[in-house]
Every structure is written in structure tokens, then in C-alpha cells.
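Listed below are the residues making up each chain.
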Amino acid sequence: MSAYALVARHVAATLDEAATQSIAPDVVARNLVMEAVRIFKEAGRPLPDIAAELIATAENLDDDEPMGFMRP
């Protein structure tokens, strides 16, 4: 199983559980972003690197546009 498939499975389960507690999907998403930042920090990534990761993600939100850079 790929890392993406593993995370996607857990995110789907989290969204299902959140719905049973009347927690909106955007609130879950915001907390997932914060959790990702925490993981990056714990892994020792410098803050500018984390910021660059988030900016690159934000700049590639349009599914109709090719990504400018893909990590292997």
C-alpha cells in the first residue's frame, strides 16, 4: 500500500467519525494541516522548508494545471 493510500484511508475514516460528532470537514482539514506541520517540525525540517512545502501545495491547487514540480 502506498503512503498516499494509507493516509487517504485514515482521512476517510476520520471524516466519517467527525461527521458523527457534527465536526465540519473544513475543521478536520484545518487540523490535518496543523498535524502535518507538527510532523514536519518533529522530523527536524527547518521552518522555511515547511513554509516552502505549504506554498508549493497552495500554488498547485488547480487540478487542471500541471504541477510545476513533482517530488519523486
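Thresholds, definitions, all that
- Residues numbered from 1 in each chain as written.
- Predicted model: local features only at pLDDT ≥ 70, side-chain atom pairs only at ≥ 80, totals over all residues.
- Heavy atoms only, no water.
- pLDDT = per-residue confidence, 0-100.
- Helix = DSSP H or I, 4+ residues; strand = E, 2+ residues; numbered from the N terminus.
- Buried < 20%, exposed > 50% of the residue type's maximum accessible area, 1.4 Å probe, protein only.
- Salt bridge = Lys/Arg side-chain N within 4 Å of Asp/Glu carboxyl O.

(A) Spotlight on the confidence of the model for the protein chain. Chain-level statistics for the protein chain give a pLDDT mean of 90 and a share of 88% at 70 or above. Mean pLDDT values over the elements of the protein chain span from 94, in helix α3 (residues 47–59), up to 98, in helix α2 (residues 25–42).

(B) Region of the structure containing unusual backbone geometry. The phi angle at S22 is positive, at roughly 60°, despite the residue not being glycine. If you trace the backbone, S22 turns up in the loop between α1 (3–20) and α2. Here S22 falls in the exposed class, since its relative accessible area comes to 71%.

(C) Geometry of the pattern of salt bridges. Tallied over the entire structure, the rule returns 5 salt bridges. Between R45 and E53 there is a salt bridge, and its shortest N-O distance comes to 2.7 Å. Here E53 falls in the buried class, since its relative accessible area comes to 18%.

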